[in-house]
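Residues per chain are reported as follows:
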Amino acid sequence: MPPTAGTDGTRVFLQLGRQPEEPNQFNHPGAPTTYDADVRARLEADAKEIIGRYPQPRSAILPLLHLVQSQDTYITPAGLSFVAELLGLTSADVAGVASFYSMYRRDPTGKYLVGVCTNTLCAVMGGDAIYAELKEHLGVGNDQTTADGSVTLQHIECNAACDYAPVVMVNWEFFDNQTPESARELVDKLREDVEVRPTRGMPLCSFAATERILAGFPDDRADDGQGGAGAATLAGLQVARERGMTAPEAGSNADRGAK
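Calculation rules
Residues numbered from 1 in each chain as written. Predicted model: local features only at pLDDT ≥ 70, side-chain atom pairs only at ≥ 80, totals over all residues. Heavy atoms only, no water. Pairing = 2+ DSSP bridges. Helix = DSSP H or I, 4+ residues; strand = E, 2+ residues; numbered from the N terminus. Contact = heavy atoms within 4.5 Å. Axes fitted to C-alpha atoms, helices over the stretch in contact; angles between N-to-C directions. Buried < 20%, exposed > 50% of the residue type's maximum accessible area, 1.4 Å probe, protein only. UniProt positions renumbered as here; feature names shortened; annotations may be inferred. Core = buried A, V, L, I, M, F, W, Y, C linked by side-chain atoms within 4.5 Å.

(A) Quick peek at the sheet that holds strand E5 (residues 151-156). Read across the sheet, five strands follow the order E4-E5-E3-E6-E7 without closing on themselves; strand pairing throughout is mixed. Looking at strand neighbours, the two that pair on one side only are strand E4 (144-145) and strand E7 (173-175), the edges of this open sheet. For E4 and E5, the ladder comprises two bridges, and the chain directions are antiparallel. Bridged to glutamine 144 within E5 is leucine 153. Its contacts with the sheet place helix H5 (residues 120-138) against strand E3 (112-117), E5 and strand E6 (168-170), and it is angled at close to 140 degrees to E3.

Take a look at the structure:
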């Protein structure tokens with residue numbers, strides 16, 4: 001705590017470092033500040049491939065953040081410095097982007113990131129009860145990881161899956177129409193490394209592997225997903241078809257609406 005002088009000449013001590021009320025800071029205690037030579041060489045090879053996909057290097061900042069998160073499972077000073085150096089930016093520039101998006105983590109993440117939607121509809125449909133059940137069952141609080149490192153629990157905002165509320169996401173894959181009982185069974189299987197499949201999307205892999213996919217390096221699971229919209233999503237379209245309803249022609253009065 002460096003001292004400074006107050007207006008009346010008294011010495012005032014300023015506490016520097018991470019504050020509990022500042023969750024957007026990327027300075028988790030013990031986080032790496034640099035990468036070993038072999039790790040850096042591997043990341044640089046991947047990073048150059050990512051940057052080469054864009055006309056302007058700075059446009060690669062989001063996938064590069066996923067790349068370093070695949071290494072550390074969260075955004076670290078080492079990751080920020082690495083991305084900043086490659087793109088000719090400052091670490092503050094990179095942190096300013098990373099802190100805007102909730103997918104970039106501030107703390108170490110377990111093998112499975114389990115997110116329970118507690119936004120309005122999911123909460124009303126049982127999301128709050130699911131979250132409370134998992135907190136007690138796993139013995140962790142929000143954004144905390146179980147002692148075995150298998151599961152990190154967090155509450156999440158709307159993931160545009162209200163038609164399947166309440167929703168639980170594991171490493172960004174959907175598990176629809178959950179209950180406290182089914183969610184508890186789900187995390188038990190995750191902790192035991194029993195294979196589980198999401199309601200939609202691709203089979204699960206680890207959080208670190210998922211981050212590498214988000215960085216732009218797909219794996220052999222790409223054709224193994226359970227794709228397509230479900231009945232709940234298509235219900236409105238089905239009713240429209242049954243009633244012969246169509247969208248107005250472009251440029252029509254109905255299309256322009258009241259102005």
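On we go from here.
(B) Molecular detail of the pairing of E5. Within E5, five of the six residues are buried, which leaves the element mostly enclosed by the surrounding structure. Note: E3 against E5, six bridges, orientation parallel. From the neighbouring strand, glycine 115 faces E5, where its bridge partner is glutamine 154. Hairpin connection, E4 to E5: the antiparallel pair is bridged by five residues, and glycine 149 has positive phi, about 75 degrees.

(C) Structural view of the UniProt feature "binding site: [2Fe-2S] cluster" (unreviewed entry) in the chain. Per the UniProt entry, the sites bearing "binding site: [2Fe-2S] cluster" (unreviewed entry) are Cys117, Cys122, Cys158 and Cys162 in this numbering. Across 46 residues in sequence, these annotated residues keep their C-alpha atoms within 9.6 Å of one another, forming a single compact spot. One can find cysteine 117 in strand E3. Residue cysteine 117 is classed as buried on the basis of its relative accessible area, which comes to 4%. Counting through the fold element by element, cysteine 162 comes out in the loop between E5 and E6. Judged by relative accessible area, which is 38%, cysteine 162 ranks as partly exposed.

(D) Highlighting the nonpolar core. Residues Leu64, Leu65, Leu67, Val83 and Val94 are the most contacted members of the largest nonpolar core, which totals 27 residues. Secondary structure elements with two or more residues in this core: helix H1 (37-51), helix H2 (61-72), helix H3 (77-87) and helix H4 (91-98). It is H3 that provides the largest number of residues to this core, a total of six residues. If sequence neighbours within four positions are ignored, leucine 67 has contacts with Leu43, Asp46, Ala47, Ile50, Arg212, Ala215 and Phe217. Formed by 19 residues, the second largest nonpolar core is a distinct cluster that contains Tyr112, Val168, Val170 and Leu190.

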